[in-house]
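Per-entry structural report
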Amino acid sequence: MQLTEQQHEKLSKVQLDESWKYSLAEFLLSSRMDDLREFLMQQKNQDKIIYPPSKQIFNALNTTPLADVKVVILGQDPYHGPNQANGLSFSVQKGITLPPSLRNIFHELNTDLGIPLSKHGDLTKWADQGVLLLNSVLTVEAGQPTSHQGKGWEQFTDAVIDVLNEQCEHIVFILWGAYAQRKGQRIDREKHLVLKAAHPSPLAANRGGFFGCKVFSKANNYLKQHGIEPIDWQLDA
């Protein structure tokens, strides 16, 4: 995509990792992104509390540059409680009680790879190694789950998946639950590995299909088969 000087100037104001910024330029410069910005501005003008904090909205993309992505764990939308969301799917700030879904993820990790249960839920260490922890919707109103669905974020994160699908090879996509699996229908199974299981939320996980899915060992085995450094899933030293 050839950019005009005006478009370069507009992009320069976007607080996003450069590799993602130019790969997503078409969407970022579109009216759809303008509408999304307008919606978020209206929410703030109405004194609504939005999670995560504005500096962390693009945390997943800023922590894991495009060229570093090895694994994608797709979530739905951010946690809506105080001090929980940090811009990484399923992750919470250190010192925050583990949400039930994350607790179940850690139990599966322990069963799959024997990794001790983490004392905290900050998944930044995974993101630093190439695990893109991407929510489908990147913001939420405090105390109002799914409140920012249908406002444009889904189209933005579809564009992220399209970039990964088209520009990269041998990425592991971990899709927990029907929502993530529908969103993952656009992924080319010839180029990438798609691992599907039930959602780790207690309601879904206890019905079966999450515990025993072994996605962590399967992801690492696939990466090693393609000469890619596997993920060290252990969070605690």
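Residues numbered from 1 in each chain as written. Predicted model: local features only at pLDDT ≥ 70, side-chain atom pairs only at ≥ 80, totals over all residues. Heavy atoms only, no water.

Quick look at the packing of aromatic side chains now. Counted according to the given criterion, the structure contains 11 aromatic pairs. On the basis of an interplanar angle of 75° and a centroid distance of 5.7 Å, the ring pair of Trp153 and Phe156 is categorised as edge-to-face. Of this pair, Trp153 and Phe156 both sit in helix H8 (residues 153-167), 3 residues apart, roughly one helical turn. In this structure Trp153 comes out as buried when scored by relative accessible area, which is 1%. (Phe/Tyr/Trp six-rings, centres within 6.5 Å; stacked < 30°, edge-to-face > 60°. Helix = DSSP H or I, 4+ residues; strand = E, 2+ residues; numbered from the N terminus. Buried < 20%, exposed > 50% of the residue type's maximum accessible area, 1.4 Å probe, protein only.)

The next point concerns the pairing of strand E6 (residues 193-197). Of the pairings in the sheet, the one linking strand E5 (residues 172-176) to E6 comprises 5 bridges and is parallel in character. Paired with Val172 across the bridge in E6 is Leu193. In this view, the connection linking E5 to its parallel neighbour E6 by way of helix H9 (residues 177-183) has right-handed handedness. (Pairing = 2+ DSSP bridges. Right-handed = clockwise from strand over helix to strand, strands pointing away.)

Below, the discussion takes up the UniProt feature "active site" (unreviewed entry) in the protein chain. According to UniProt, the positions carrying the feature "active site" (unreviewed entry) are Asp77. Positionally, Asp77 belongs in the loop between strand E2 (71-75) and helix H6 (100-113). Look at Asp77 and you get buried, because its relative accessible area is 18%. In this structure Asp77 touches Asn135, Val137, Val140, Pro145, Thr146 and Gln149, once residues within four positions along its chain are discounted. A distance of 2.9 Å separates the side chain of Asp77 from the backbone nitrogen of Thr146, its partner in a polar contact. (UniProt positions renumbered as here; feature names shortened; annotations may be inferred. Contact = heavy atoms within 4.5 Å. Polar contact = N/O pair within 3.5 Å; in protein donor to acceptor, adjacent residues only side chain to side chain.)

The next point concerns helix H4 (residues 31-45). An ideal rise of 1.5 Å per residue puts 21 Å on 15 residues; H4 measures up with 21 Å between its terminal C-alpha atoms. All buried positions along H4 are accounted for by Met33, Leu36, Phe39, Leu40 and Gln43. With its buried residues spanning 120° around the axis, H4 presents them on a single face. In H4, those exposed residues whose orientation departs by more than 90 degrees from the buried face are Ser31, Asp35 and Asn45. Contacts from the buried residues of H4 go to helix H3 (25-28), strand E1 (50-51), strand E4 (140-141) and H8. Looking one or two residues past H4, Asp47 carries a phi angle of roughly 60°, positive in sign. (Expected span 1.5 Å × (residues − 1). Arc of directions from axis to C-beta.)

In this section: the sheet that holds E2. In space, the 4 strands of this open sheet follow the order E3-E2-E5-E6, with parallel pairing throughout. What marks the edges here is a single partner per strand, and that holds for strand E3 (131-135) and E6. Within the sheet, the average angular offset between the axes of one strand and its neighbour, ignoring direction, is 20°. Sheet topology note: the E2/E3 ladder contains 5 bridges and is parallel. Residue pairing for E3: Leu74 is matched across the bridge by Leu134. (Axes fitted to C-alpha atoms, helices over the stretch in contact; angles between N-to-C directions.)

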